[in-house]
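Understanding the architecture of this molecule
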Amino acid sequence: WVNDSCNVGITNTAVSVDTTVGGVLLPATARAGRKRMIIQNTSATQEVYLGASGVTTSSGLVLGRKSSVELDLGQGVSIYGITGASTANVRVLELA
């Protein structure tokens, strides 16, 4: 049996995601030893599109308004977000 639970710490970050070409890095600096992250779109009006660097509204995974997603991502994996218009307030919780 292997215990791969997060047992080092937690980092929480607020990020403003907008229409920046290529997307906004979530978060700007990854927590060392990260194993998992939760991304929450707190916007009631904007969807956020998630993906690799260069993400667009046509290629990204849709994170709906007032919704969240949990991802098993190590610190070496970068995820970006972009909106179709305006700005969305996004919360990122990283677990290591």
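1. So, the overall build of the chain
Along the backbone of the chain there are 0 helices and 8 strands. What you see in the chain, going N to C, is helices and strands ordered as β-β-β-β-β-β-β-β. Dimensions of the chain, computed from the C-alpha atoms along their principal axes, are close to 45 × 25 × 20 Å. Once local pairs closer than 6 in sequence are excluded, the contacts in the chain between residues at least 24 apart make up 78%. Treating the 7 positive side-chain charges of the chain as one cloud and the 6 negative ones as another, the clouds have centres 5 Å apart.

2. Here's the deal with the sheet that holds strand S5 (residues 61–63)
Hydrogen bonds between backbone groups are what pair the strands of a sheet, and the pairing can be parallel or antiparallel. Spatially, 4 strands are ordered S2-S7-S4-S5 in an open sheet, and the strand pairing comes out antiparallel. Only two strands of the sheet have a single partner each, and these edge strands are strand S2 (24–26) and S5. Across the sheet, the mean angle separating the axes of adjacent strands is 40° when strand polarity is ignored. Across 3 bridges, strand S4 (residues 48–51) lies against S5 in antiparallel orientation. Looking across to S5, one finds that Tyr49 is bridged to Val62.

Conventions used here
- Residues numbered from 1 in each chain as written.
- Predicted model: local features only at pLDDT ≥ 70, side-chain atom pairs only at ≥ 80, totals over all residues.
- Heavy atoms only, no water.
- Helix = DSSP H or I, 4+ residues; strand = E, 2+ residues; numbered from the N terminus.
- Contact = heavy atoms within 4.5 Å.
- Lys, Arg positive; Asp, Glu negative; His and termini not counted.
- Charge placed at Lys NZ, Arg CZ, Asp CG, Glu CD.
- Pairing = 2+ DSSP bridges.
- Axes fitted to C-alpha atoms, helices over the stretch in contact; angles between N-to-C directions.

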